[in-house]
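# Chain and residue survey
Given next are the chains, with one letter for each unit.
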Amino acid sequence: MGLKDVWGLFPDCTRVLKGSDAIRVVEGRTVAVDAAIWIVEAQTQTQMRKVFDPRRAVLKLFFDRCVRWLVAGVTPVLCIEGDDRGDRNGRNGSGSGSTTEAAKSKGRRRGRAFRSRCEDVTALAELLGVPTVQASGEAEACCAALCAVGAVDAVQTRDSDVL
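How each quantity is defined
- Residues numbered from 1 in each chain as written.
- Predicted model: local features only at pLDDT ≥ 70, side-chain atom pairs only at ≥ 80, totals over all residues.
- Heavy atoms only, no water.
- Helix = DSSP H or I, 4+ residues; strand = E, 2+ residues; numbered from the N terminus.
- Contact = heavy atoms within 4.5 Å.
- Buried < 20%, exposed > 50% of the residue type's maximum accessible area, 1.4 Å probe, protein only.
- Arc of directions from axis to C-beta.
- Phe/Tyr/Trp six-rings, centres within 6.5 Å; stacked < 30°, edge-to-face > 60°.
- Lys NZ or Arg CZ within 6 Å of the ring centre and 35° of its normal.
- Pairing = 2+ DSSP bridges.
- Expected span 1.5 Å × (residues − 1).
- Polar contact = N/O pair within 3.5 Å; in protein donor to acceptor, adjacent residues only side chain to side chain.

### A few points about the environment of Val26
Relative to the helices and strands, Val26 is located in helix H1 (residues 19–26). In contact with Val26, other than residues within four places in its own chain, are Val31, Val74 and Ala154.

### Some points on helix H6 (residues 139–148)
Owing to its 3.6 residues per turn, the α-helix aligns residues three or four sequence positions apart on the same side. Listing the buried residues of H6 in full gives Ala139, Glu140, Cys142, Cys143 and Leu146. Projected onto a plane normal to the axis of H6, the buried residues spread over an arc of 155° and lie on a single side. Residues of H6 that are buried in the fold lie against strand E1 (30–34), strand E2 (75–80), strand E3 (132–134) and strand E4 (154–156).

### Some points on the packing of aromatic side chains
Scanning the model with the defined rule gives 2 aromatic pairs in all. Aromatic side chains Trp38 and Phe62 sit 5.2 Å apart centroid to centroid with 65° between the ring planes, which places their arrangement in the edge-to-face category. Of the two residues, Trp38 is situated in helix H2 (residues 35–44) and Phe62 in helix H4 (residues 54–71); the sequence distance between them amounts to 24 residues. Take Phe62: its relative accessible area is 1%, and that puts it in the buried class. Ring geometry for Trp38 against Trp69: centres 5.8 Å apart, planes inclined by 85°, an arrangement best described as edge-to-face. Remark: Trp69 occurs in helix H4 and Trp38 occurs in helix H2; sequence separation between them is 31 residues. Judged by its relative accessible area of 8%, Trp69 is buried. By the ring-pair criterion, three or more aromatic residues cluster together here, those being Trp38, Phe62 and Trp69. In this structure, Arg65 packs its charged tip against the face of Trp38, placed 5.1 Å from the ring centre.

### As for the pairing of E2
Most of E2 sits out of view: 5 of its 6 residues are buried. Looking at chain direction, E2 and E3 are connected through 3 bridges and run parallel. Bridge assignment links Cys79 to a residue of E3, and that residue is Val133.

### Things to note about H4
The terminal C-alpha atoms of H4, which comprises 18 residues, lie 26 Å apart, in line with the 26 Å expected from a rise of 1.5 Å per residue. For H4, the complete set of buried residues consists of Ala57, Val58, Leu61, Phe62, Arg65, Cys66 and Trp69. For H4, the buried positions fall inside an angular range of 145° around the axis, keeping them on one side. Among the exposed residues of H4, those oriented more than 90 degrees off its buried face are Arg56 and Val71. Near the N-terminus of H4, the side chain that reaches the backbone nitrogen of Arg55, with its oxygen 3.0 Å away, is that of Asp53. Phi for Gly73, located one or two positions after H4, is positive at around 85°.

Here it is as structure tokens:
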């Protein structure tokens, strides 16, 4: 998820926007969206968790945000996290031998659930006519690459790895 408070180091090239302010800035533009961040947000919002199971929470959040953006003339391009992203400690593969088998099993279950949410999001996006891009690794890297080549006008993420 990047370095804590790193955004403050780049005040001239980053903007934290929320709600209608964000929509006004990107109206009529194409925005690469780090779908992984939206999935995590859907599953960690307290109010959402009271009403929806994890799968439905993700679908509701994506539906609401995509429709809101589309109505405002914003084209979201959902970048879907790929399998080649390594573990949370920055290592590829299974990591060190100090991880217990129970922790590995829990990690595999979380990984399967996350991949399932990504499949759900891709299916919903197709129904809404929202383009998706399957990243080979981290979604924010895919967003950054799309922006660097001019395929999108902006990137929406909270992950400072996009820099």
